[in-house]
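A structural walkthrough
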Amino acid sequence: MKPLAEQDHYEVLDVPRDASPEDIERAYRVAQATYADDSLALYSVFDGDDAEALRQRVETAYSVLSSREGRRAYDAWLGGDTVPAAAFAPIAPDAPAPAFERVIAAAEEPPRAEAPPPEPRRLPPLEAFPRSPLEGVDEDEASPEYDGTRLRRTRLRRGIELEQIAAITKINPTYLRFLEEERFDDLPAAVYVRGFVVAYLRCVGIDPAKGAASYMARFEAGRAARKKGRSPATG
Amino acid sequence: MPVTESLRLPAPRPRPTLIVAGGGKGGVGKTFFVANVATCLARAGHSVIAVDADLEGANLHTCLGVASPRVSLADFVAHREEDLEKLVLETPIRGLRLVAGTQANLGAAQPSHFRRERLIHAVARLPADFVFVDLGAGMHPSLIDYFLAGDEGVVVMSPEPTSVENAYGFLRAAFYRRMRSALRGPEVRRLVAAAMDQRNERGIRTPLDLLREVEALSPEEGVRFVEAIRSFHPRFVVNGVRSAEDVKLGFAVRSVCKKYFGIDADYLGYVNHDDGVRRSIVARRPLVESQPDCDAAIYLARIARKLDAARRPAHAAGPPRPRA
């Protein structure tokens, strides 16, 4: 548990030192949403100034870690190499460097340029905390079955609204909803539905090669069942 | 039977996994969560006992379809029954039993400190694989004690400012109480007690301020403090989710817990808003029983599987046999 001013960029974004660029991207999105001005998650815990300081640290951390050169230089500095301070200064031209300096100054630390790497602390770093084996909410990865519920769950997990998919794919959002609700009879001909499914899967990050055939099999079976006079199979 | 076998002492009964659900605000779905997740685990072949510790507003029995319980936790609180096991009732759900919490005597609803200790002790020794405790609303120290006594403490919240505020309040209370019990010296313990008051004179605003003060008083106590933070893993559930934005709230709360308290809270999952929920409550049957295919039931089942998987390394010998 370190004060914000002592946390390194990885700790600010809450990612391990060996995080992939995707991990950093994802962590940044979460942090951005978490510390946004109107974020519900801050309510009654962080007030405006704290949240502002956090936002600035998050932006700086991301601007350094998302650039390959910036991250390499920063890692070298963390590792104790003597690298000129300029090498790990925020890379993005419009990065809020002065604000960052202010946060550091507020913590009564020497200016960045002469700052030695933080002293090793006798308290364990946050990364050493045991991680929950239940990290993430994904548990369907292994299953080859794709039904409407799974599409919907994947979409919600990725934080995507139906309207966003509609805007990208130009598919009527009502049809997208029917896909999730498996209202097969309300959907158009199979050839169109396949196109919808492929576009939907791409948007939510599922490989269409994996998911489309499985969903379409459900679709065909559901329609066939109704033709025989039974209600569509629901699972 | 060989002699050696007959002489062997009976194996001590394995302790159940104790899952306690709280969360400060009323009406966010604690009872709903307990009724349904307990049902899921019972359906998966575990023996489960749900305890309604919400003595001032008990209705877990109603959610489980037990109309008017003949005995309840109130009998234990009022010293009418010393053996908690005798208060365990059957429910219509196979594998799931109940210690109801009807309000027998409103005046004497809250047990004394010693009674609470005995209750915690007795609950953690009920004969089952899982014991759930439904705490009810509020953040009275007695509720916090039950919460901290659990193997798993689950905070239930809904995506609304009122609920988020109370959930943090509950976590804050649990955090400070846990810290206080981890520390030894009377001086540092007084410090923690002072810090619980958000407007304390020493200007301790955050857990981090408190850690600084504790370290200043005694470095060894500071190490204990950090240890207590590291081993504190509350879980939380966001109930009544209506949009992707609401789902993200859980990740944001987890992030805030880390930044503010320094704790690794686990986002156990979310349950979406579903009209079926109301129908299930009216029908007095858990949603996962009456409408197992609806979205909310699927999310609840997922949460149950996670709790089941989290338990396995420490306890069980093998996967339970699913009920046919």
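In this report, we go over the structure that sits alongside the text. (Residues numbered from 1 in each chain as written. Chains lettered and ligands numbered in written order. Predicted model: local features only at pLDDT ≥ 70, side-chain atom pairs only at ≥ 80, totals over all residues. Heavy atoms only, no water.)

So, about the overall build of chain A. Of regular secondary structure, chain A possesses 10 helices and 0 strands. Long-range contacts, defined as pairs at least 24 residues apart, comprise 61% of the intrachain contacts of chain A with a sequence gap of at least 6. Of the roughly 12700 Å² of accessible surface on chain A, a fraction of 53% belongs to carbon and sulfur atoms. (Helix = DSSP H or I, 4+ residues; strand = E, 2+ residues; numbered from the N terminus. Contact = heavy atoms within 4.5 Å. Areas by Shrake-Rupley, 256 points an atom, 1.4 Å probe, with all protein chains shown as cover.)

Right, let's get into the overall build of chain B. In terms of helices and strands, chain B carries 14 helices and 8 strands. Residue pairs at least 24 apart in sequence account for 74% of intrachain contacts in chain B once pairs closer than 6 positions are excluded. Element-wise, carbon and sulfur atoms account for 51% of the exposed surface of chain B, whose accessible area totals about 14100 Å².

So, about the pairing of strand β6 (residues 152-157) of chain B. All names here are of chain B. For β6, the buried fraction is high: 6 of the 6 residues fall into the buried class. Burial along β6 is two-sided: the face carrying Glu152, Val154 and Val156 and the face carrying Gly153, Val155 and Met157 are both buried. Two elements, strand β1 (residues 17-22) and β6, share 4 bridges in a ladder whose sense is parallel. From the neighbouring strand, alanine 21 faces β6, where its bridge partner is valine 154. Taken together, the 4 bridges between β6 and strand β7 (residues 235-241) define a ladder with parallel strand orientation. In the strand pairing of β7, valine 156 is matched with valine 237. (Buried < 20%, exposed > 50% of the residue type's maximum accessible area, 1.4 Å probe, protein only. Pairing = 2+ DSSP bridges.)

Bringing the sheet that holds strand β8 (residues 266-272) of chain B into the picture now. Residue and element names in this part refer to chain B. One open sheet holds the 8 strands; their spatial order is β3-β4-β2-β5-β1-β6-β7-β8, and the pairing between them is mixed. Each edge of the open sheet is held by one strand with a lone partner, namely β3 (89-90) and β8. Relative to strand β5 (residues 130-134), strand β2 (residues 48-52) runs parallel, the two sharing 5 bridges. In the strand pairing of β5, alanine 50 is matched with phenylalanine 132. Contacting β1 and β6, helix α7 (residues 161-182) runs over the sheet at an angle of about 160 degrees to β6. Sheet strands touched by helix α11 (residues 244-261): β6, β7 and β8. Its angle to β7, the strand with the most contacts, is close to 160 degrees. (Axes fitted to C-alpha atoms, helices over the stretch in contact; angles between N-to-C directions.)

Residue and element names in this part refer to chain A. At aspartate 14, a position not held by glycine, the phi torsion is positive, near 60 degrees. With respect to the element layout, aspartate 14 can be found in the loop between α1 (9-13) and α2 (21-34). Exposure remark for aspartate 14: the relative accessible area of 31% places this residue in the partly exposed category.

All names here are of chain B. Judged by how many residues are buried, β1 sits mostly within the fold: 6 of 6 residues are covered. Pairing between β1 and β5: 5 bridges, direction parallel. Bridged to leucine 18 within β5 is valine 131.

In this section: the nonpolar core. Core analysis: the largest hydrophobic core is formed by 137 residues, its most contacted members being B:Phe33, B:Leu84 and B:Phe132. Among the elements that make up this core, the one with the highest residue count is α11(B) (10 residues). Ignoring anything within four residues of it in the chain, the contact list for B:Leu84 reads B:Leu73, B:Phe76, B:Val99, B:Leu119, B:Ala122, B:Val123 and B:Leu126. Of all hydrophobic cores here, the second largest spans 25 residues; its members include A:Tyr146, A:Phe184, A:Leu187 and A:Ile206. (Core = buried A, V, L, I, M, F, W, Y, C linked by side-chain atoms within 4.5 Å.)

Tracing the backbone shows A:Leu4 in the segment before α1. The sequence separation of A:Leu4 and A:Glu182 amounts to 178 residues, and the corresponding C-alpha distance is 48 Å.

Moving on, we get to the interface of chain B and chain A. Contacts between chain B and chain A engage 49 residues on the former and 44 residues on the latter. By the criterion of area lost to chain A, the three top residues of chain B are B:Arg230, B:Lys259 and B:Arg302, representing 16% of everything that side buries. Taken together, the connections running from chain B to chain A amount to 5 salt bridges. Of the charged contacts in the structure, one is a salt bridge between B:Lys258 and A:Asp14, with a shortest N-O distance of 3.5 Å. Where chain B touches chain A, the interface holds 9 residue pairs in polar contact (both at pLDDT 80 or more). Take the side of chain B that touches chain A: its biggest share by element is 15 residues, from α11(B). Of the residues assigned to the side of chain B that touches chain A, the class counts are 24 nonpolar, 6 polar and 19 charged. (Buried area = accessible area lost by both parts, 1.4 Å probe. Salt bridge = Lys/Arg side-chain N within 4 Å of Asp/Glu carboxyl O. Polar contact = N/O pair within 3.5 Å; in protein donor to acceptor, adjacent residues only side chain to side chain. Nonpolar A, V, L, I, M, F, W, Y, C, P; charged D, E, K, R; others polar.)

Time to look at the pattern of salt bridges. All names here are of chain B. Inspection of every chain in the model, using the stated rule, returns 29 salt bridges over all chains. In this structure, the salt-bridge partner of arginine 224 is glutamate 221, at a minimum N-O distance of 2.8 Å. Taken together, the residues span about one helical turn, with arginine 224 and glutamate 221 both in helix α10 (residues 219-230) at a distance of 3 residues. Among the residues examined, glutamate 221 registers a relative accessible area of 6% and is labelled buried.

This part covers α10(B). Residue and element names in this part refer to chain B. Over its 12 residues, α10 runs 17 Å from end to end, which matches the ideal 16 Å to within 8%, given 1.5 Å per residue. Those residues of α10 lying buried are Glu221, Gly222, Phe225, Val226, Ala228 and Ile229. Taken around the axis of α10, the buried residues stretch over an arc of 160 degrees, which confines them to a single face. The inward-facing, buried residues of α10 contact α7, α8 (186-196), α9 (207-217) and α11. (Expected span 1.5 Å × (residues − 1). Arc of directions from axis to C-beta.)

Before going further, it helps to examine the packing of aromatic side chains. Scanning the entire structure with this criterion turns up 17 aromatic pairs over all chains. Geometrically, the ring pair formed by A:Tyr28 and A:Tyr62 is stacked, given 3.6 Å between the ring centres and 5 degrees between the ring planes. Of the two residues, A:Tyr28 sits in helix α2 while A:Tyr62 sits in helix α3 (residues 48-65), which places them 34 residues apart along the sequence. Comparing A:Tyr28 with A:Tyr62, the two get one shared label, buried. Geometrically, the ring pair formed by A:Phe184 and A:Phe219 is edge-to-face, given 5.4 Å between the ring centres and 85 degrees between the ring planes. A residue pair is termed long-range when its members are at least 10 positions apart, and A:Phe184 in the loop between α8 (173-181) and α9 (190-204) and A:Phe219 in helix α10 (residues 208-227) qualify at 35 residues. Residue classification places A:Phe184 among the buried positions, given a relative accessible area of 3%. By the ring-pair criterion, three or more aromatic residues cluster together here, those being A:Tyr35, A:Phe46, B:Phe175, B:Tyr176, B:Phe225, B:Tyr260 and B:Phe261. Across from the ring centre of B:Phe130, 4.7 Å away, lies the NZ or CZ of B:Arg311, which sits over that ring. (Phe/Tyr/Trp six-rings, centres within 6.5 Å; stacked < 30°, edge-to-face > 60°. Lys NZ or Arg CZ within 6 Å of the ring centre and 35° of its normal.)

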